[in-house]
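Architecture at a glance
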Amino acid sequence: QFDEDKIRYCVENFEDKLTKKYYKASKWFYNEESDEEEILEVIDMFIRSGEKIPIEENDDWKDALFEASRKFKIEKIAEAMEDAFEQYQLTLSMGIGFPKKDNDSTLQGTRKALISDIIKGRKLKGEPGNLDF
């Protein structure tokens, strides 16, 4: 893998103007490409919602799009929380019990396996073999 800082240093200090221009254009292009999938996901979410989503003015249209997406998601989560709370209150009023905490031995085994995998992964990365992050 290339060290981006070293490449940038070499281009800025040893290359001619045209090469510097190409380098800058390639950095811009690849940065734009990395955002493309995320932009398409946001647009797809907006279309699927069937709602008009306000997008505030911004010098960078991508920032405006992502900010609108963030606000839209927060709004939808808030709406879902209201519905979930109503369902919770209805369940309480009807005297329906809630599931008990997970004490199932199968679930405990799954948890142990997941913790073991996390610790193995941390060790592979040269980190301590524990869950102290």
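Residue numbers here run from 1 along each chain, matching the order of that chain's written sequence. Under the rules for a predicted model, residues below a pLDDT of 70 receive no local features and side-chain atom pairs below 80 are neither given nor counted, while totals for whole chains, interfaces and linings still include all residues. The basis for the side-chain values is all heavy atoms of the structure; hydrogens and waters are excluded.

We now examine the overall build of the chain. Counting its regular elements, the chain contains four helices and zero strands. Each helix and strand of the chain, ordered N terminal to C terminal, gives the series α-α-α-α. Within the chain, the fraction of its 133 residues that count as buried is 12%. The contacts of the chain with a sequence gap of at least 6 include a subset with a gap of at least 24, amounting to 23%. Counting only carbon and sulfur atoms, one obtains 57% of the accessible surface of the chain, whose full area is about 11800 Å². Numbering of helices and strands starts at the N terminus; helices are DSSP runs of H or I of at least 4 residues and strands are runs of E of at least 2. The rule is simple: take the accessible area with a 1.4 Å probe, protein chains only, and divide by the maximum for that residue type; under 20% is buried, over 50% is exposed, in between is partly exposed. Two residues qualify as a contact provided that any one of their heavy atoms is within 4.5 Å of a heavy atom in the partner residue. Calculation of accessible area relied on Shrake-Rupley with a 1.4 Å probe; when residues are assessed, cover is drawn exclusively from the protein chains displayed.

Below, the discussion takes up the pattern of salt bridges. Salt bridges are defined as contacts in which a side-chain nitrogen from Lys or Arg sits within 4 Å of a carboxyl oxygen from Asp or Glu. Overall, the coordinates contain seven salt bridges when judged by the stated rule. Several salt bridges share partner residues, and in doing so they unite E51, K76 and E79 into one network.

Turning our eyes to something else, we now look at the confidence of the model for the chain. Confidence of the predictor at the level of single residues is captured by pLDDT, which takes values from 0 to 100. Taken as a whole, the chain shows an average pLDDT of 84; of its residues, 86% reach a score of 70 or greater. Per-residue pLDDT, averaged within each element of the chain, yields its smallest value for helix α2 (residues 17-49) (80) and its largest for helix α3 (residues 61-93) (91).

Our focus in this paragraph is the packing of aromatic side chains. Ring geometry is summarised as follows: Phe, Tyr and Trp rings, the Trp one being its six-membered ring, pair when their centres sit within 6.5 Å, and such pairs are stacked at plane angles under 30 degrees, edge-to-face over 60 and tilted between the two. Taken as a whole and assessed by the stated rule, the structure comprises three aromatic pairs. When the centroid spacing of 6.1 Å and the interplanar angle of 80° are considered together, the rings of Y9 and F14 count as edge-to-face.

With respect to the helices and strands, the residue R122 is situated in helix α4 (residues 105-124). Taking the relative accessible area as the measure of exposure, R122 reaches 8% and is therefore buried.

So, about a nonpolar patch on the surface. Together, F85, Y88, L92 and F98 make up an exposed nonpolar region whose accessible area comes to about 410 Å². With respect to the helices, strands and loops of the structure, F98 is situated in the loop between α3 and α4. A patch is a set of surface residues, each over 30% in relative accessible area and not in a salt bridge, joined within 9 Å for like charges and within 5 Å for the nonpolar side chains Val, Leu, Ile, Met, Phe, Trp and Tyr.

So, about the nonpolar core. Residues enter a nonpolar core if they are buried and are Ala, Val, Leu, Ile, Met, Phe, Trp, Tyr or Cys, with the set joined through side-chain atoms within 4.5 Å. Core analysis: the largest hydrophobic core is formed by eight residues, namely I39, V42, M45, F46, I53, L65, A68 and F72. Elements with a minimum of two residues in this core: α2 and α3. Considering each element in turn, this core owes the most residues, four residues, to α2. Among all residues touching F46, those that are not within four sequence positions of it are E51, I53, I55, L65, A68, S69 and F72.

The next subject is the environment of E36. Structurally, the position occupied by E36 is in helix α2. When its relative accessible area of 38% is taken as the criterion, E36 is described as partly exposed.

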